[in-house]
Amino acid sequence: REATAKRANQKTKKRPVSRLLAQTPDKPNKAHFTPASYSPIAPSKKSADEEQPSNSGNVVYTFGNAFLLKQTSWSSATAAGRPSLSILAQTHQRTAKVAAADEPSAELPKCMGDACKYMYDSNYDRVLILGDRIYEGGREICQRLAEARAQQRERENRAAAAEEEVIPEDDREATLLEQVAIHHVDYPSTDVITVLGRIAVHPERPEAGRLAIVDYDEMTLRYTKLDFSKLKSWSVFPGETVVLEGVNPRGNLFEVRKVHYEVPLVPPLPPTTLGKPLHMVIGAAPFTDKDNLQYDKLTDLLAYCAENNPDVLILAGPFGSTSNDTLFLTMAESFEEYFEKIMANIVASVPPTTEILIVSNHDDLQSSFVYPSFPYKISKYFKNLHFLPDPCVVSIDGLTVGITTVDVVRDLSEAELSVAPAGDKIKRAFNYMFHHRSFYPLNPPPEGVPLDVDLLHHFGTLPRVPNVMICPGDLKPYVRDVNGCVCINPGHLTDYDSGEGTFARVVVHPPEEPTAAPFSYVACQVVKS
């Protein structure tokens, strides 16, 4: 009897969520995700490594000031009232645009809907959209440069700054280009001139002729190679809209002296409407090991949510990756049926006061292979279950949260060309997204991203910086403050190499001031799953 009791105590201590919970309850209704008539290819890492000490619950990254973290409780003690979830879903329909939210906000961008069509964009349409992106982005860059030069003239007390011409609203775009004196990229000049265009990269060419710029002219293709040798520090990426200063003696090689890509950003407003701390838990795929369908880590995460009662649970797909589709062929049911069971188990495993946000992914067996991705669909309706497209922006009690399941930070970091760049690559990647007002500014994308340029133009925009940005990816988990936005990579809930994973937990306190910095009211931790 003593030996049996000792073994039982050892098993209780090694439960994966025991370090996260004050006490790990025995749950007879624990979620089971194993499909019908299924046998795992190999034993799961959880059962194979049962005798090894678990790192579950270890905090690997922390964000927030010390006083805030000290007073933060990661468990929501009371379940009084659900958060007023406001999702703007203006679907792209043939007849009209329908707002699916109860209280739609004009500050939120449109979300992709079921009525959208993909693979209908022609090369001509893509060229027009990319040309519009150059012109719109260049207009904002020129606006910032014009304002900066006007301030400089005012500081130098120049007589020309005393009387400025009133610019008519209809002619503002052309006037801004004239104010900054924008030239075409192939304009020959030994004096310093300013050009506007899009960065193009030819990886197959030698390093000296790899970079070029495509002009903003829509009528004539103008294209010039770039020389950055005069700059000590610089960084660009394919598809970036830039305004360059430099010389072009012969019209075929532009020697860059300055690079401008920043546009005037609208900072996020602190969620002053929050009445109580908002608790969120964020988990990203994969949710199970690559050799079985037991979804052990997802089960443990749901047990954590059942005990700590978060206001919002965000799960980023895919739930069944197409790269591992042979494993799902062993099931005796279709993946659509199995997916409905997964969703029902998730809803049944968390408190009814927890709002569940499921974000789609293009690599899911339940989704179409296109980015932006359609929201998932199931036949049953659950009041606290919400399916969101990828990408999307959701407002939770005034807190704006941007989410994309594509690893855009990794793609931008790998495609970036630079010499002694300023800052770290993660902040640069998010700055690229914010200043280009796009969830995916990289063009052309890698082979694994089925980008639809037309859909991205309509449903992948970032009109303003959100309060929180969630971008799961292969890089190490991180939490950064970029232009007043808390940027989070929760990592993967299941790591194929180590067998462990991570998830993020966030507590947003009501800000004390309308101009409060995120560090003073947002507490976030990335935790081992």
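Residues numbered from 1 in each chain as written. Predicted model: local features only at pLDDT ≥ 70, side-chain atom pairs only at ≥ 80, totals over all residues. Heavy atoms only, no water.

Per an unreviewed UniProt entry, the protein goes by the name DNA polymerase alpha subunit B and belongs to Culex tarsalis. Entered under Subcellular location (unreviewed entry) in the UniProt record, the comment concerning the protein runs "Nucleus". Recorded in UniProt for the protein, the comment headed Sequence similarities (unreviewed entry) runs: "Belongs to the DNA polymerase alpha subunit B family." (UniProt positions renumbered as here; feature names shortened; annotations may be inferred.)

**Student:** Now, about the pattern of salt bridges: what can you tell me, with residues and values included?
**Tutor:** If you walk through the whole model with that rule in mind, you get 13 salt bridges. With its nearest N and O atoms 3.1 Å apart, the salt bridge here joins Arg222 to Asp217. Asp407 is the partner of Arg410 in a salt bridge, and the nearest nitrogen-oxygen pair spans 3.6 Å. Of the residues examined, Asp407 reaches a relative accessible area of 10% and is grouped as buried. (Salt bridge = Lys/Arg side-chain N within 4 Å of Asp/Glu carboxyl O. Buried < 20%, exposed > 50% of the residue type's maximum accessible area, 1.4 Å probe, protein only.)

**Student:** So what about the packing of aromatic side chains? Which residues, and what values?
**Tutor:** As enumerated under the stated definition, the model contains 17 aromatic pairs in all. Here the aromatic rings of Phe339 and Tyr376 are separated by 5.1 Å at their centres, their planes lie at 70°, and the arrangement is edge-to-face. Taken together, the positions of Phe339 in helix H8 (residues 335–349) and Tyr376 in the loop between strand S14 (355–359) and strand S15 (385–388) put the pair 37 residues apart, joining distant regions of the chain. For the pair shown, Phe339 and Tyr376 are each scored as buried. Among the aromatic side chains, those forming a connected cluster through ring pairs are Phe287, Tyr295, Phe319, Phe335, Tyr338, Phe339, Tyr376 and Phe387. (Phe/Tyr/Trp six-rings, centres within 6.5 Å; stacked < 30°, edge-to-face > 60°. Helix = DSSP H or I, 4+ residues; strand = E, 2+ residues; numbered from the N terminus.)

**Student:** Lay out the sheet that holds S14 with the relevant residues and their values.
**Tutor:** Within the open sheet, the 7 strands sit side by side as S1-S23-S22-S12-S13-S14-S15. Their pairing is mixed. In the strand order of this sheet, the two ends are held by strand S1 (59–63) and S15, each with one partner. Averaged over all pairs of adjacent strands, the angle between their axes in this sheet comes to 15°, without regard to strand direction. As judged from the 5 bridges shared by strand S12 (residues 278–284) and strand S13 (residues 312–316), these two strands associate in the parallel manner. The partner of Met280 across the bridge, within S13, is Val312. Helix H6 (residues 296–308) rests against S12, S13 and strand S22 (502–508) of the sheet, and its axis sits at about 165° to S13. (Pairing = 2+ DSSP bridges. Axes fitted to C-alpha atoms, helices over the stretch in contact; angles between N-to-C directions. Contact = heavy atoms within 4.5 Å.)

**Student:** I'd like a description of the nonpolar core, backed by residues and values.
**Tutor:** Leu226, Phe430, Phe434, Tyr440 and Met469 are the most contacted members of the largest nonpolar core, which totals 45 residues. Top element by residues in this core is helix H10 (residues 425–435). It accounts for 6 residues. Built from parts of two domains, this core gets at least three residues from each of domain 1 (58–84 + 266–528) and domain 2 (124–155 + 176–260). Leaving out residues up to four positions away in the same chain, Met469 has contacts with Gly402, Phe430, Met433, Phe434, Phe439, Leu462, Cys485, Val486, Cys487 and Ile488. Within the second largest apolar cluster, 38 residues are counted, among which are Ala285, Leu293, Val347 and Phe503. (Core = buried A, V, L, I, M, F, W, Y, C linked by side-chain atoms within 4.5 Å. Domains from an automatic or database assignment.)

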